[in-house]
Structures are given as structure tokens and as C-alpha cells.
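Spelled out from the first residue to the last, the chains are:
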Amino acid sequence: MNLDITVLIFTRNERENLSRLLPYLARYIRQFVIIDAMSTDGTKEICEKYGKVYETLPLGYADPCRMYGISKVTTEWIFYLDADEYPSETLLKALPVIIRIAERKNYYAIKVRRINYIKPGKALKHLFQSDYQVRIFRKGCVEYKGVIHEQPYVKGKILILDERFFILHKAYNTYSLKAIKKLLLYAKLAGLMRGNKKVSTIFVLGLPLTTFGRLIKYLIVKKGILDGLAGLEATLVYILYLTLVDIFKAIRPARLDFVSQAISKGKDLNFLCKQVR
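Counting from 1, residues in each chain are numbered in the order their sequence is written. For this predicted model, a pLDDT threshold of at least 70 governs which residues receive local features, and a threshold of 80 or more governs which side-chain atom pairs are given and counted, while totals over whole chains, interfaces and linings are taken from all residues. Note: side-chain values were computed over all heavy atoms of the structure, leaving out hydrogens and water.

A. A look at the packing of helix 6 (residues 197-205) against helix 8 (residues 228-250). Orientation is described by axes fitted as lines to C-alpha atoms, over the contacting stretch for helices, and by angles from 0 to 180 degrees between their N-to-C directions. In DSSP terms, a helix is any run of H or I states spanning at least four residues, a strand is any run of E spanning at least two, and both are numbered starting from the N terminus. Interhelical geometry of helix 6 versus helix 8 gives an angle of 120 degrees and a closest axis separation of 8 Å. Judged on the interaxial angle alone, helix 8 and helix 6 are oblique. Relative to helix 8, the crossing made by helix 6 is left-handed. Contacts between helix 6 and helix 8 pair Lys197, Ser200, Thr201, Phe203 and Val204 from the former with Asp246, Ile247, Lys249 and Ala250 from the latter. Polarity classes work like this: nonpolar for Ala, Val, Leu, Ile, Met, Phe, Trp, Tyr, Cys and Pro, charged for Asp, Glu, Lys and Arg, and polar for all others, with Gly in that last group. The residue inventory of the contact of helix 6 with helix 8, partitioned by class, reads 4 nonpolar, 2 polar and 3 charged. In these notes the angle categories are as follows: under 35 degrees is roughly parallel, over 145 is roughly antiparallel, 65 to 115 is roughly perpendicular, and the rest is oblique. By definition, any crossing whose near helix is turned counterclockwise from its far helix by less than a right angle is left-handed, and any crossing with a clockwise turn is right-handed. Note on contacts: a residue pair qualifies if any of its non-hydrogen atoms lie within 4.5 Å across the two residues.

B. Structural view of a positive patch on the surface. A cluster of like positive charges, contributed by Arg100, Arg104, Lys105 and Lys157, occupies part of the molecular surface. Within the fold, lysine 157 resides in strand 11 (residues 157-160). The patch calculation keeps residues exceeding 30% relative accessible area without a salt bridge and links them within 9 Å when they carry like charges or within 5 Å when they are nonpolar (Val, Leu, Ile, Met, Phe, Trp, Tyr). With residues, only the protein chains shown are counted as cover, and all accessible areas are computed by Shrake-Rupley using a 1.4 Å probe. What counts as a salt bridge is simple: a side-chain nitrogen of Lys or Arg found within 4 Å of a carboxyl oxygen of Asp or Glu. Within this scheme the basic residues Lys and Arg register as positive and the acidic residues Asp and Glu register as negative, but His and the chain ends are omitted. We put the charge of a Lys on NZ, of an Arg on CZ, of an Asp on CG and of a Glu on CD.

C. Summary view of a nonpolar patch on the surface. On the surface, Leu209, Phe212, Ile216, Ile220, Val221, Ile225 and Leu226 cluster together into a nonpolar patch covering about 740 Å² of accessible area. Here isoleucine 216 lies in helix 7 (residues 207-221). Throughout, exposure labels follow a simple rule: accessible area from a 1.4 Å probe, protein chains only, divided by the maximum for the residue type, with under 20% read as buried, over 50% as exposed, and the rest as partly exposed. With a relative accessible area of 36%, isoleucine 216 lands in the partly exposed category.

D. Here's a closer look at the environment of phenylalanine 128. Relative to the assigned elements, phenylalanine 128 resides in the loop between strand 7 (122-123) and strand 8 (132-138). Using a relative accessible area of 14% as the deciding quantity, one classes phenylalanine 128 as buried. Expressed as a C-alpha distance, the spacing of phenylalanine 128 and phenylalanine 79, which sit 49 residues apart in the sequence, is 22 Å. Excluding its chain neighbours within four sequence positions, the residues that come into contact with phenylalanine 128 are Arg114, Asn116, Tyr175, Tyr218, Ala234 and Tyr238.

In C-alpha cells:
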């Protein structure tokens with residue numbers, strides 16, 4: 001299969017995941033670009049067997065380096081993946097047809113459903129299952145400008161694939177209290193990005209009511225309760241994250257408002273990404 005597409009992956013100490021993911025992907029796609037944040041576990045050496053590796057200074061999050069990574073791709077199409085994500089074989093086998101359809105109908109990006117696994121063998125079948133993300137796109141047609149958990153701006157039509165084609169996300173360290181350090185970092189960054197501090201202040205002042213409302217939303221309305229203990233844990237962790245975002249945003253010093261102001265004005269924060277020379 002000679003697709004004009006490159007897999008783009010951002011890494012930091014992902015040797016275990018990539019030692020399985022890259023050989024699997026290489027059966028279907030030939031070109032890889034890996035942006036590695038100075039891994040210390042041998043990740044870089046594994047990646048160099050499959051494609052070009054570029055090193056950046058570690059930030060603790062990859063988002064500001066997305067545009068840098070895109071700039072290193074030379075093919076027309078890009079397939080962006082995290083190291084803990086595994087595209088289904090149905091998706092990989094159908095890629096040539098999907099790309100041809102997208103080109104014929106003038107689509108610039110493709111959204112793919114992501115199925116989240118909170119533990120090995122335990123998928124969230126109800127909670128977060130409307131998780132569709134832009135992961136396949138034409139170079140030059142997508143922009144990332146923020147710091148964390150940002151949906152890209154697409155300069156054109158988006159094709160949404162049906163549920164036969166999906167990505168498995170091994171989110172073992174995403175919806176778990178074991179990842180509290182990472183949760184705090186992401187919440188603080190999200191608090192910097194978002195505007196409207198008054199709304200967050202109101203949320204914080206009414207914290208018990210806000211928390212109860214969110215429990216109803218994610219456990220009952222979004223059916224997290226049907227996922228059992230895994231759904232309960234994921235719900236509690238996500239609500240904790242949302243609460244921390246509100247708190248960080250409400251108490252954010254005025255001197256740090258420039259981040260949310262820059263984003264609201266359409267400016268990018270990609271200058272945070274520094275290549276290792």
C-alpha cells in the first residue's frame with residue numbers, strides 16, 4: 001500500500017506502547033514522523049527504525065508542538081495519533097478508499113470515533129462514547145493554536161466516519177486518580193486558556209450544587225452509571241478535573257490573563273515548542 005499519508009506521533013517515554021504500535025501501523029502505512037520530547041527510556045531508538053525523529057524540549061504536554069510536527073511532514077495527508085492509541089484494522093485497511101472519497105468530495109479533514117479503555121479489557125461503553133476527533137487531515141488545512149486539549153481549526157469540510165472505523169484509546173492514565181499529578185497540570189493549563197473568569201467564580205462559589213449537577217449529567221444523562229465502577233471512577237476523575245479548571249481560572253492572577261486573551265484573538269502559542277539543536 002503506497003498511500004500519500006504520514007503518521008505523526010508525539011512521544012515522551014513511550015517505549016512500551018510504541019514497540020507494539022509502530023510495527024502494527026507499518027503493515028499499512030510506510031511514512032512516519034515522530035516528535036520526541038527527549039525521552040530517556042529508549043523511545044527514540046525504537047522510533048528511528050520506522051521514520052524521522054525530531055527532538056523538542058519536554059513541556060509535559062505535546063499540544064504546542066503540533067504545528068511544528070505538521071511542518072515536518074512532506075505528504076499531502078497526515079494521520080495524527082497518540083502513542084497509546086491503536087487504529088482498528090477496519091480503519092487502516094479502508095484508508096485508501098477513505099482518502100479517495102475525501103479527495104473526490106473535497107473534504108479537508110476526517111473525524112474518527114475514539115473508544116476509551118479505562119483499564120485493560122475494560123472499555124467505557126456509554127461514557128465519553130461520542131468522542132469523535134479530527135485525526136486525518138490535509139497538510140496546510142488544519143491549525144492548532146492553544147496549549148492543552150484543543151480541537152483544531154479546519155479550513156474546509158470535515159468527513160465524519162461511521163462507527164465501523166475507530167481508534168482504541170488505552171486511557172489507563174487518563175481517568176484514574178493515580179494520574180493526579182498530570183491531572184493537576186492539565187487543569188492548571190486549561191484554566192489559563194479559558195476566558196470568562198466570572199462564570200468560573202460563580203461555579204466555585206456554588207461548588208456543592210455544581211458538583212451535584214455534573215454528577216447527574218455524567219452518571220445519569222450520559223449513562224456513566226451503566227459502565228459500573230469504571231464509569232463511576234471516570235466520572236469522578238473528570239468532575240474533579242472540571243472543578244480544578246474552574247478553581248484555577250477563578251483564582252488566576254490578572255497578569256496571566258494574556259494566555260486566554262491571545263487565544264480569543266486567534267493568536268497561537270506554538271512558540272512554547274522548542275526544537276533541540
